[in-house]
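Coordinate analysis (summary)
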Amino acid sequence: MTISKHFVLAAGGTGGHMVPAHALARELMERGHRVALITDARGTNIPGLFDGVQTHVLPAGRITGKPTSWPGGLRAIMQGRAMARELYRGFEPSVVVGFGGYPAFPALAGAFASGIATAVHEQNAVLGRVNRLVGSRVDIIATSYAEVDRLKPAWKDKTYLVGNPVREEVQVLGNREYPPLDDNGILRVLVTGGSQGASIMSRVVPDGLAMLPVALRRRLQVVQQARAEDLERVREAYVKHEIPADVQTYLTDLPERLGWAHLVIGRAGASTIAELTAAGRPAILVPLPSATDDHQTANTREMVAAGGARAISESNFTPVELAKQMQKLGLDSQALTNAAKRALTCGRPNAARDFADLIERIGPAVDGPAPVELKPAFAA
């Protein structure tokens, strides 16, 4: 029988941190545990996540390479740490779990000072800054990839490969058949650029699709996410090219759209990769070059090597190059179907379950027995 525990999840306020934290929270609550969230103001504004979960916004100072940021950043971190410790006195968490981002740091620092068990989750194929800062002190490091850059060898014995938790609505897509497709049927393309769209997708994708051979172009049906300032221009481009397209600033039904699509064109953020591989959808990926430590390029390695995706650097992402890569995939329905199967082989759809299993085994239950001893199980 599962003994109820209390968990605090701490995540920076971007979708890349918040979505996997939300998936874990849902899994833990379904098991009868209590969950609280620590985040920043951005995290509280992401729709559809952590509904009904006790949420706390703590100061999370950011210390940059500029010395002028240090006093204010350190002061905010210490204030956040003190507030976290106060929260823990009342909530009594068995484990505090960090998902990266600056709000996770004071939450974990408060746990260290309070003697509470800790774990961190790394969504990307490069260990993030906050996770590197706390890596030597946490009890568990959970990763999304078997190969993670900047992960110290000394931490291997407490590192576990679980994958990147995805929403249940995405997880179920992997159990369904890839949408039927033949060489004469409609080819459904989903274009995303992260939680707010990406201007480069708006500049390149409509013109790239317009360069396809007429027989392939006439088969296209597109759903594209675009920034508000790009919206009308993108819509007009598709009308000009006579390509049916639904262009929106925010896709509230992204899991449904993902299930609809035969092919995805997008960035290579951790959640995007996790959802593509859980659902089994081939992709053309354009890593964001300004991402910290170029982690989006690292994120593409596994999926590209398996044959489930093609990666184009942003500097090479032109309408001509996109059309070239689209023809290699789209002219042959079997090539897309095969790529979908290969994408699925990279998926770890049970990541939320496996991560929950892992953290249930550390930290005491509320008024309960001592934790079970863990045996390292990292699959390199």
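The preceding data block contains the structure.
Model, not experiment: these values are computed from the prediction.

A few points about the overall build of the chain
Across its full length, the chain holds 15 helices and 13 strands. Computed over the C-alpha atoms, the radius of gyration of the chain is 22 Å, within 12% of the 21 Å expected from 2.2 N^0.38 for a compact globule of 380 residues. Once the C-alpha set of the chain is aligned to its principal axes, its extents read approximately 65 × 50 × 40 Å. Buried residues in the chain amount to 54% of all 380 residues. Pairs at least 24 apart in sequence give 67% of the contacts found in the chain among residues at least 6 apart. Element-wise, carbon and sulfur atoms account for 51% of the exposed surface of the chain, whose accessible area totals about 16600 Å². Of the side-chain charges in the chain, 42 are positive and 37 negative, and the distance between the mean point of each set is 5 Å.

Description of the pattern of salt bridges
Applying the stated criterion across every chain, the model contains 21 salt bridges. Of the charged contacts, one joins Asp-293 and Arg-132 as a salt bridge, the two residues approaching to 3.1 Å between their closest N and O atoms. Pair noted here: Asp-293 is in the loop between β12 (283–285) and α12 (295–306) and Arg-132 is in helix α5 (residues 129–134), with a separation of 161 residues, a long-range link. For Asp-293, a relative accessible area of 33% corresponds to the partly exposed category.

So, the packing of aromatic side chains
Counted by the stated rule, this structure contains 1 aromatic pair. Summarising the aromatic geometry, the rings of Phe-99 and Phe-355 are spaced 6.1 Å apart at their centres and angled 70 degrees between planes, so their arrangement reads as edge-to-face. Of this pair, Phe-99 sits in the loop between β4 (95–98) and α4 (104–114) while Phe-355 sits in helix α15 (residues 351–360), placing them 256 residues apart in sequence. Accessibility assignment for this pair places Phe-99 and Phe-355 in one class, buried.

As for the packing of helix α7 (residues 199–210) against helix α13 (residues 319–330)
At a closest axis distance of 8 Å, the pairing of α7 and α13 adopts a crossing angle of 55 degrees. For the element pair α7 / α13, the angle class is oblique. Here α7 and α13 pass one another in a crossing that is right-handed. Of the residues in α13, those in contact with Val-204, Val-205, Asp-207, Gly-208 and Leu-209 of α7 are Pro-319, Leu-322, Ala-323 and Met-326. The residue inventory of the contact of α7 with α13, partitioned by class, reads 7 nonpolar, 1 polar and 1 charged.

Structural notes on unusual backbone geometry
In this structure, Phe-50 is a non-glycine residue whose phi angle is positive, near 60 degrees. Within the secondary structure, Phe-50 sits in the loop between α2 (41–44) and β3 (54–57). On the basis of relative accessibility, which here comes to 6%, the residue Phe-50 falls in the buried class. Positive phi outside glycine occurs at Glu-242, with the angle close to 60 degrees. Structurally, the position occupied by Glu-242 is in the loop between α9 (231–241) and β10 (245–248). Judged by its relative accessible area of 70%, Glu-242 falls in the exposed class.

Digging into the sheet that holds β4
Strand order in the open sheet formed by 7 strands is β3-β2-β1-β4-β5-β6-β7, and the pairing between neighbours is parallel. For this open sheet the edge positions go to β3 and β7 (159–161), each flanked by a neighbour on one side alone. Pairwise comparison of adjacent strand axes, ignoring direction, gives a mean angle of 20 degrees for this sheet. The pairing of strand β6 (residues 140–143) with β7 spans 3 bridges and is parallel. When the sheet's bridge partners are listed, Ile-141 is paired in β7 with Thr-159.

Structural notes on the sheet that holds β12
Taken together, 6 strands build an open sheet; the order of strands is β10-β9-β8-β11-β12-β13 and the sheet is parallel. Two strands lie at the open edges of the sheet, namely β10 and β13 (309–311), each paired on one side alone. When strand polarity is set aside, the average angle formed by the axes of neighbouring strands in this sheet is 15 degrees. Strand direction decides the pairing type here: strand β11 (residues 263–266) and β12, joined by 3 bridges, are parallel. Its bridge partner lying in β12, Gly-266 is registered against Leu-285. Set on the sheet, α9 makes contact with β9 (220–225) and β10; between it and β10 the angle comes to about 175 degrees.

Quick notes on α12
When we look at burial in α12, the residues that qualify are His-295, Gln-296, Ala-298, Asn-299, Thr-300 and Met-303. On its buried face, α12 is in contact with α11 (270–279), β12, β13 and α14 (333–345). Trailing α12 by a residue or two, Gly-307 shows a phi angle of about 90 degrees, which is positive.

Some words on the environment of Thr-39
In this structure, Thr-39 sits in strand β2 (residues 34–39). Sequence spacing of Thr-39 and Met-18 is 21 residues, and the spatial spacing of their C-alpha atoms is 8.6 Å. Among residues more than four places away in sequence, those in contact with Thr-39 are Ala-11, Gly-12, Gly-13, Met-18, Thr-44, Thr-55, His-56, Val-57, Leu-58 and Pro-103.

Calculation criteria
Residues numbered from 1 in each chain as written. Predicted model: local features only at pLDDT ≥ 70, side-chain atom pairs only at ≥ 80, totals over all residues. Heavy atoms only, no water. Helix = DSSP H or I, 4+ residues; strand = E, 2+ residues; numbered from the N terminus. Rg over C-alpha atoms; globule rule 2.2 N^0.38 Å. Buried < 20%, exposed > 50% of the residue type's maximum accessible area, 1.4 Å probe, protein only. Contact = heavy atoms within 4.5 Å. Areas by Shrake-Rupley, 256 points an atom, 1.4 Å probe, with all protein chains shown as cover. Lys, Arg positive; Asp, Glu negative; His and termini not counted. Charge placed at Lys NZ, Arg CZ, Asp CG, Glu CD. Salt bridge = Lys/Arg side-chain N within 4 Å of Asp/Glu carboxyl O. Phe/Tyr/Trp six-rings, centres within 6.5 Å; stacked < 30°, edge-to-face > 60°. Axes fitted to C-alpha atoms, helices over the stretch in contact; angles between N-to-C directions. Parallel < 35°, antiparallel > 145°, perpendicular 65-115°, else oblique. Left-handed = near helix turned anticlockwise from the far one by under 90°. Nonpolar A, V, L, I, M, F, W, Y, C, P; charged D, E, K, R; others polar. Pairing = 2+ DSSP bridges.

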